[in-house]
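Residue-level structural notes
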Amino acid sequence: MKKTITTTALVSALLFMSSFALNATNHRQIEKNAKESVRREIIRNITCPDFIEGDDATNQVKAIVQIDEKGNVSVQDINSANPRLTSYVKEQLRNMKVSSLGQTQKFVLVINFKAA
């Protein structure tokens, strides 16, 4: 009888702890999906500039962006081998407003431009 109660208590504790782990995993996945959705929205809203020629590494821009509660985009850092492209993307991001994530979020944004 004592062994059954101990076993039941252990199984209950494990189930209880695993439910918290699953909940945390689901929350992280939802947050990741929200960031991906905002990232795609940003990329869709930045058109390829006319000065882009070919398809090489100089047409890539990497930026650390932050989205506030109202959907305003701010650039924390931006880098590209093409200074003209850096200025273009920075200006596009500065004037952009996207779907809010409900809280301030910071993430890395990589955009690869290809000439049409």
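Details of the structure are given in the entry above.
We now turn to the structure provided with this report. Not measured: the values here are computed from a predicted model.

The helix and strand tally for the chain stands at 2 helices and 3 strands. Along its sequence from the N terminus, the chain presents helices and strands in the succession α-β-β-α-β. Looking at the chain alone, contacts between residues at least 24 apart form 75% of all its contacts between residues at least 6 apart.

Ranked by internal contacts, the top residues of the largest apolar core, which has 20 residues, are Ile 42, Ile 46, Val 89, Leu 93 and Phe 113. Looking at this core, the elements with two or more residues in it are helix H1 (2-45), strand S1 (60-67), strand S2 (73-80), helix H2 (83-94) and strand S3 (105-112). Not counting chain neighbours up to four residues away, the residues in contact with Ile 46 comprise Tyr 88, Val 89, Gln 92, Leu 93, Met 96, Ile 111 and Phe 113.

Aromatic rings considered in pairs are described by the distance between their centres and by the relative angle of their planes. Under the definition given, this model contains 1 aromatic pair. Ring plane angle 90° and centroid distance 6.2 Å describe the contact between Phe 51 and Tyr 88, whose orientation is recorded as edge-to-face. A residue pair is termed long-range when its members are at least 10 positions apart, and Phe 51 in the loop between H1 and S1 and Tyr 88 in helix H2 qualify at 37 residues. The class of Phe 51 is partly exposed, set by a relative accessible area of 22%.

Along the chain, Asp 56 turns up in the loop between H1 and S1. Sequence spacing of Asp 56 and Phe 113 is 57 residues, and the spatial spacing of their C-alpha atoms is 8.7 Å. At 2.6 Å, the side chain of Asp 56 and the side chain of Thr 58 are in polar contact.

Along S1, the buried face is formed by Val 61, Ala 63, Val 65 and Ile 67; none of Gln 60, Lys 62, Ile 64 and Gln 66, which line the opposite face, is buried. By the bridge criterion, 8 bridges tie S1 to S3 in an arrangement that is antiparallel. Among the inter-strand pairings, Gln 66 is bridged to a residue of S3, identified as Lys 106. Two elements, S1 and S2, share 7 bridges in a ladder whose sense is antiparallel. Counted as the bridge partner of Gln 66 is Ser 74 from S2.

Take the pattern of salt bridges next. The final tally for this structure, using the stated rule, is 3 salt bridges. Between Arg 39 and Glu 36 there is a salt bridge, with its nearest N and O atoms 2.4 Å apart. In this pair, Arg 39 and Glu 36 both sit in helix H1, 3 residues apart, roughly one turn of the helix. Looking at Glu 36, the relative accessible area reads 30%, which means it is partly exposed. The shortest N-O distance in the salt bridge between Arg 94 and Glu 91 comes to 3.6 Å. Residue Arg 94 and its partner Glu 91 are located together in helix H2, separated by 3 residues, close to a single helical turn. Judged by relative accessible area, which is 36%, Glu 91 ranks as partly exposed.

Thresholds applied
- Residues numbered from 1 in each chain as written.
- Predicted model: local features only at pLDDT ≥ 70, side-chain atom pairs only at ≥ 80, totals over all residues.
- Heavy atoms only, no water.
- Helix = DSSP H or I, 4+ residues; strand = E, 2+ residues; numbered from the N terminus.
- Contact = heavy atoms within 4.5 Å.
- Core = buried A, V, L, I, M, F, W, Y, C linked by side-chain atoms within 4.5 Å.
- Buried < 20%, exposed > 50% of the residue type's maximum accessible area, 1.4 Å probe, protein only.
- Phe/Tyr/Trp six-rings, centres within 6.5 Å; stacked < 30°, edge-to-face > 60°.
- Polar contact = N/O pair within 3.5 Å; in protein donor to acceptor, adjacent residues only side chain to side chain.
- Pairing = 2+ DSSP bridges.
- Salt bridge = Lys/Arg side-chain N within 4 Å of Asp/Glu carboxyl O.

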